[in-house]
Amino acid sequence: MFEGKTYIITGIADKHSLAMYVAKEIIRNRGNVICTGLGVSAHHQNLSENALNFLNKSYELFESSVKEELGEDIETYVLDVTLDESINDFSEALKTKHQTVDGLLHAIAMDKTIRNKEVKPLLEVTFNEFCDTMHVSAFSLVTLVSSLKHHDLLNNGSSICSLSYIAAQKVTFHPYRNISIAKAALERITIELADELGRKNGIRVNCVRFSPYLGSKAGTATLNTSDVEHAEHKSPLGNALPQDLAYEVTHLLRPDARITGEIRHVDGGYNIVG
Ligand SMILES: NC(=O)c1ccc[n+]([C@@H]2O[C@H](COP(=O)([O-])OP(=O)(O)OC[C@H]3O[C@@H](n4cnc5c(N)ncnc54)[C@H](O)[C@@H]3O)[C@@H](O)[C@H]2O)c1
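The model shown is predicted, which means the values in this text are computed figures rather than measured ones.

Chemist: Sorry, what's going on with the pairing of strand β3 (residues 75–78) here?
Modeler: Both strand β2 (residues 32–37) and β3 contribute to a ladder of 4 bridges, which runs parallel. What sits directly across from Gly37, in β3, is Val78. Crossover handedness for the path β2 to helix α2 (residues 49–70) to β3: right-handed.

Spelled out as structure tokens, the structure:
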């Protein structure tokens, strides 16, 4: 399905990341992947020792997980979407290698208003916290795609996919608050980009809402076991698994699909129940 095609995979933190399942599925279907991970870039300034340790450890874990799970020859790059210069460096590096791509998985989210599974009430969220979450979890799709386009790295007919959840639309088993608003923005960005890029370059942009998943770092940091159990019982088919997500994302990324602007559900049917 993906012979001769290359996809950028963002958002791998470790082997349990949802993005890792997608990367594996692309490779299983004979495609190539280029993986980006959060780490220290040349443009970080005045990092505290804690922040430096965190970023270095994140990158080490990302890189070793990619090499172990996907293969030693997979190319890896530092990418911090909060820094436009880091995004630019990544695009420049691909350009230097004459590497164009056929699509992108956006699997990046961050919300500092959820700590130890405690969610800050929306009325206590500061403007900076709101903007940080929006920047990393939603607007980064615009900046990333914009940079790739600016460097002429996205082949015509490319396909882009991002990851969301039902909380973008309605209040559910978990009071996500701040990040829900960013996910709603991410979904709207998906639709606007689908129109803009579809008309100009035949590029498709879709988003998939997935079931709650405790296995990843993001899932462990935000979800309680009771949230996952609640969704499991409410969903007609039970919660979807990461491999179900990987099948759907690769379906949307495949070169010959005429599907764009979709907000898909891979959630065992949770969304249809009242
Ligand atoms: N876990 C769930 O229950 C669930 C459900 C539906 C959707 N999602 C979405 O799936 C995506 C992947 O999440 P996951 O569950 O695999 O968790 P994860 O922790 O494995 O992935 C989140 C990724 O975001 C990256 N990230 C955070 N800030 C960044 C920055 N400034 N620059 C670059 N990367 C940054 C992290 O390094 C990490 O790789 C997220 O968008 C998440 O919201 C998760």
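There is more to say after this.
Chemist: So what exactly am I meant to see when it comes to the pattern of salt bridges here?
Modeler: Side chains that differ in charge, positive against negative, can pair when their charged atoms come close. Enumeration over the complete set of coordinates arrives at 11 salt bridges. It is possible to trace a salt-bridge network through shared partners that takes in Glu248, Glu262 and Arg264.

Chemist: Just checking my understanding: could you explain the packing of helix α1 (residues 18–28) against α2 for this structure?
Modeler: Any two packed helices are characterised by how steeply their axes cross, that is the angle between the axes, and by the distance between the axes. Between α1 and α2, the least distance of the axes is 11 Å, while the angle of their chain directions is 35°. Along this stretch, α1 crosses α2, giving a crossing that reads as right-handed. Along its contact with α1, which presents Met20, Ala23, Lys24 and Ile27, the element α2 presents Ser65, Val66, Glu69 and Leu70.

Chemist: Please explain the sheet that holds strand β1 (residues 6–9) as it appears in this structure.
Modeler: Working definition: the strands of a sheet are paired by backbone hydrogen bonds and lie parallel or antiparallel to each other. One open sheet accounts for 7 strands, arranged β3-β2-β1-β4-β7-β8-β9; its pairing is parallel. Strands at the two margins of the open sheet, each flanked by one partner only, are β3 and β9 (263–266). Neighbour-to-neighbour, the strand axes of this sheet turn through a mean angle of 20°, independent of strand direction. The sheet contact formed by β1 and β2 spans 4 bridges and is parallel. Counterpart to Ile8 in the pairing with β2 is Ile34. Each of β1, β4 (101–106) and β7 (154–164) is contacted by helix α4 (residues 127–150), which is oriented at about 170° to β4, the strand it contacts most. Each of β1, β4, β7, β8 (204–210) and β9 touches helix α8 (residues 242–253); the most contacted strand, β8, lies at about 165° to it.

Chemist: What is the right way to look at the nonpolar core in this model?
Modeler: As a rule of thumb, nonpolar side chains are buried together in soluble globular proteins. The biggest cluster of nonpolar side chains holds 32 residues, and the ones touching the most others in it are Ile9, Ile12, Cys35, Leu70 and Val249. Elements represented by at least two residues in this core include exactly β1, α1, β2, α2, β7, β8 and α8. In terms of residue count, α1 provides more of this core than any other element does, 6 residues in total. With sequence-adjacent residues up to four places away left out, Ile9 is seen in contact with Ala19, Val22, Ala23, Ile26, Val33, Ile34, Cys35, Thr36 and Leu105.

Chemist: How do you make sense of the packing of aromatic side chains when you look at a structure like this?
Modeler: For any pair of aromatic rings, the description rests on two quantities: the centre-to-centre distance and the angle between the ring planes. Enumeration over the complete set of coordinates arrives at 6 aromatic pairs. Both rings, one in Tyr77 and one in Phe90, keep their centres 5.3 Å apart while their planes meet at 65°; by these two values the pair is edge-to-face. Taken together, the residues span a long stretch of sequence, with Tyr77 in strand β3 and Phe90 in helix α3 (residues 84–96) at a distance of 13 residues. Each member of the pair, Tyr77 as well as Phe90, carries the same accessibility label: buried. The ring of Tyr165 carries the charged tip of Lys183 above its face, separated from the ring centre by 5.3 Å.

Chemist: Just to check I follow, could you spell out the packing of α4 against helix α5 (residues 178–201) for this structure?
Modeler: Contact pair α4 / α5: the axes reach a minimum separation of 8 Å and the direction vectors enclose 15°. Looking at the two axes, α4 sits roughly parallel to α5. Crossing angle aside, the handedness with which α4 passes α5 is right-handed. Judged by residue contacts, Glu129, Phe130, Thr133, Met134, Ser137, Ala138, Phe139, Leu141, Val142, Val145 and Lys149 of α4 engage Asn178, Ile179, Ile181, Ala182, Ala185, Leu186, Ile189, Thr190, Leu193, Leu197 and Asn201 from α5. Grouping the constituent residues of the contact of α4 with α5 by class yields 15 nonpolar, 5 polar and 2 charged.

Chemist: Would you take a moment to explain the state of the cysteines for this structure?
Modeler: Under the defined criterion, the tally for this structure stands at 0 disulfides. Unpaired in this structure, Cys161 has its nearest cysteine sulfur neighbour in Cys207, at a distance of 6.7 Å. Cys207 gets classed as buried once you look at its relative accessible area, which sits at 0%.

Thresholds, definitions, all that
- Residues numbered from 1 in each chain as written.
- Predicted model: local features only at pLDDT ≥ 70, side-chain atom pairs only at ≥ 80, totals over all residues.
- Heavy atoms only, no water.
- Pairing = 2+ DSSP bridges.
- Helix = DSSP H or I, 4+ residues; strand = E, 2+ residues; numbered from the N terminus.
- Right-handed = clockwise from strand over helix to strand, strands pointing away.
- Salt bridge = Lys/Arg side-chain N within 4 Å of Asp/Glu carboxyl O.
- Axes fitted to C-alpha atoms, helices over the stretch in contact; angles between N-to-C directions.
- Left-handed = near helix turned anticlockwise from the far one by under 90°.
- Contact = heavy atoms within 4.5 Å.
- Core = buried A, V, L, I, M, F, W, Y, C linked by side-chain atoms within 4.5 Å.
- Buried < 20%, exposed > 50% of the residue type's maximum accessible area, 1.4 Å probe, protein only.
- Phe/Tyr/Trp six-rings, centres within 6.5 Å; stacked < 30°, edge-to-face > 60°.
- Lys NZ or Arg CZ within 6 Å of the ring centre and 35° of its normal.
- Parallel < 35°, antiparallel > 145°, perpendicular 65-115°, else oblique.
- Nonpolar A, V, L, I, M, F, W, Y, C, P; charged D, E, K, R; others polar.
- Disulfide = S-S within 2.5 Å.

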